[in-house]
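Analysis of the macromolecular model
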Amino acid sequence: MIIKDCCLYCGACAGVCQADAIDVQELKIVVDDEKCVKCGLCVKACPVAALEME
C-alpha cells in the first residue's frame, strides 16, 4: 500500500479494515502487511485517495 502526502489522518481506512491491519498514529499511518488481506476496502474508503494497492 502506498500512502501519499495528501493523507488527512482521518481514520476512514482503519475504520473499514476488517483485518485490523491499519493503525492511525499522529501524522502517520501504519499498515501491518502481515495482517493485510489486500481487500481494497481502505482504498475505497479514503476520501482523498491517499491509498493505493501495490
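Look up: the structure comes first, before these words.
Residues numbered from 1 in each chain as written. Predicted model: local features only at pLDDT ≥ 70, side-chain atom pairs only at ≥ 80, totals over all residues. Heavy atoms only, no water.

For the protein chain, the count of helices and strands is two helices and four strands. Taken from the N to the C terminus, the helices and strands of the protein chain come in the order β-α-β-β-α-β. Its C-alpha radius of gyration of 10 Å places the protein chain within 12% of the 10 Å reference for a compact globule of 54 residues. Principal-axis analysis of the C-alpha atoms places the extent of the protein chain at approximately 25 × 20 × 20 Å. For the protein chain, contacts bridging at least 24 residues in sequence account for 50% of all contacts bridging at least 6. With an accessible surface of roughly 3,700 Å², the protein chain has 51% of that area assigned to carbon and sulfur atoms. Side chains of the protein chain carry 5 positive and 9 negative charges; the gap between the two charge centres is 5 Å. (Helix = DSSP H or I, 4+ residues; strand = E, 2+ residues; numbered from the N terminus. Rg over C-alpha atoms; globule rule 2.2 N^0.38 Å. Contact = heavy atoms within 4.5 Å. Areas by Shrake-Rupley, 256 points an atom, 1.4 Å probe, with all protein chains shown as cover. Lys, Arg positive; Asp, Glu negative; His and termini not counted. Charge placed at Lys NZ, Arg CZ, Asp CG, Glu CD.)

Right, let's talk about empty space enclosed by the protein for a bit. Here the structure, examined in full by the defined rule, presents two cavities of 30 Å³ or more. Taken as a whole, the largest cavity spans an internal volume of roughly 80 Å³. Residue classes in the lining of the largest cavity are distributed as nine nonpolar, one polar and one charged. Here the second largest cavity is characterised by a volume of approximately 70 Å³. What lines the second largest cavity is a set of 13 residues, and nearest its centre among them are Cys-7, Cys-10, Cys-13, Ile-29 and Cys-46. For the lining of the second largest cavity, the per-class residue count stands at twelve nonpolar, one polar and no charged. (1 Å grid on protein atoms, 1.4 Å probe; cavity = no way out; pocket = protein on both sides within 12 Å on 5 of 7 lines; lining within 4 Å. Points joined across faces, edges and corners; volume = space filled by probe spheres on them. Nonpolar A, V, L, I, M, F, W, Y, C, P; charged D, E, K, R; others polar.)

It is worth spelling out the pattern of salt bridges at this point. The full count for this structure, using the stated rule, is one salt bridge. As a salt-bridge pair, Lys-4 and Glu-52 come within 2.7 Å of each other at their nearest N and O atoms. Taken as a pair, Lys-4 in the loop between β1 (2–3) and α1 (12–16) and Glu-52 in strand β4 (residues 51–52) lie far apart in primary sequence, 48 residues in all. Its relative accessible area of 32% is what places Glu-52 among the partly exposed residues. (Salt bridge = Lys/Arg side-chain N within 4 Å of Asp/Glu carboxyl O. Buried < 20%, exposed > 50% of the residue type's maximum accessible area, 1.4 Å probe, protein only.)

Purely geometric numbers; function is a separate question.
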